[in-house]
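# Examination of the molecular architecture
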Amino acid sequence: MDLFESIVEQITSKTLSSLLTKERQNDILNIGKNWDFYNGDQQGYIKQYRGEDHDDYVDKDKPTFNYTKLIIDEYVSGVFGKPVLVKFDDDAHTKRWDEITQPISFVNQIPFMKQVQRIAEVSETCLIMTRWDENKKLPYFEDIRGEFI
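To keep things clear, this report deals only with the structure shown in the data block.

### Observations concerning the overall build of the chain
- Secondary structure assignment for the chain yields six helices and two strands.
- Residue burial in the chain is summarised as follows: out of 149 residues, 21% are buried.
- Residue pairs in contact within the chain that sit at least 24 positions apart in sequence constitute 53% of those at least 6 positions apart.
- Carbon and sulfur atoms form 54% of the exposed surface of the chain, whose accessible area is close to 11600 Å².

In structure tokens, the structure reads:
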């Protein structure tokens, strides 16, 4: 069973990637690199100096400092230093927004919007999907990273 699942994953993965344009594949790779830097996984991007022996490169210390996360988090905190205000030009849109958000009470609006902004900064975009929780019988919001759009 495991062999079958791994083969299916490989086939599906190859099929989906072949459907993407080269430009989109590069975008997804760059988004992955952005997430690596945000998450502090920069070591794999440290280049070997020209003329440096491979063994020396492997053995040398490669200290990293994750300032990417600090910058993005500080920026996001600045963006959301005040409560989030959602305003539409059309009153019908405002009414619909209120119908969706009031049952949720949207207590976690600020943390959620910070997460959305953080994803948008790192993934270049973020999609917010309205979902339905069948157990609670309430709508809720889900954030979708840019590489999955």
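Further notes follow.
### Things to note about the packing of aromatic side chains
- Scanning the entire structure with this criterion turns up three aromatic pairs.
- For the ring pair W35 and Y38, a centre distance of 5.8 Å and an interplane angle of 90 degrees mean the geometry is edge-to-face. Of this pair, W35 and Y38 both sit in helix α2 (residues 22-38), three residues apart, which is roughly one turn of the helix. Taken as a pair, W35 and Y38 share a single burial class, namely buried.
- Between F37 and Y45, the aromatic rings sit 5.1 Å apart at their centres with planes inclined by 40 degrees, giving tilted as the arrangement.
- Given a relative accessible area of 25%, F37 falls into the partly exposed group.
- The exposure class assigned to Y45 is partly exposed, which follows from its relative accessible area of 31%.

### Here's the deal with the packing of α2 against helix α6 (residues 109-123)
- Relative to each other, α2 and α6 sit at 120 degrees, their axes nearing to 8 Å. Of the possible angle classes, the one that applies to α2 and α6 is oblique. Residues I31, N34, W35 and Y38 of α2 form the contact with α6, whose participating residues are R118, I119, V122 and S123.
- Each residue belonging to the contact of α2 with α6 can be placed in one class, and the counts come to five nonpolar, two polar and one charged.

What counts and what doesn't
Residues numbered from 1 in each chain as written. Predicted model: local features only at pLDDT ≥ 70, side-chain atom pairs only at ≥ 80, totals over all residues. Heavy atoms only, no water. Helix = DSSP H or I, 4+ residues; strand = E, 2+ residues; numbered from the N terminus. Buried < 20%, exposed > 50% of the residue type's maximum accessible area, 1.4 Å probe, protein only. Contact = heavy atoms within 4.5 Å. Areas by Shrake-Rupley, 256 points an atom, 1.4 Å probe, with all protein chains shown as cover. Phe/Tyr/Trp six-rings, centres within 6.5 Å; stacked < 30°, edge-to-face > 60°. Axes fitted to C-alpha atoms, helices over the stretch in contact; angles between N-to-C directions. Parallel < 35°, antiparallel > 145°, perpendicular 65-115°, else oblique. Nonpolar A, V, L, I, M, F, W, Y, C, P; charged D, E, K, R; others polar.

Function-wise, these values are silent; they only describe arrangement.
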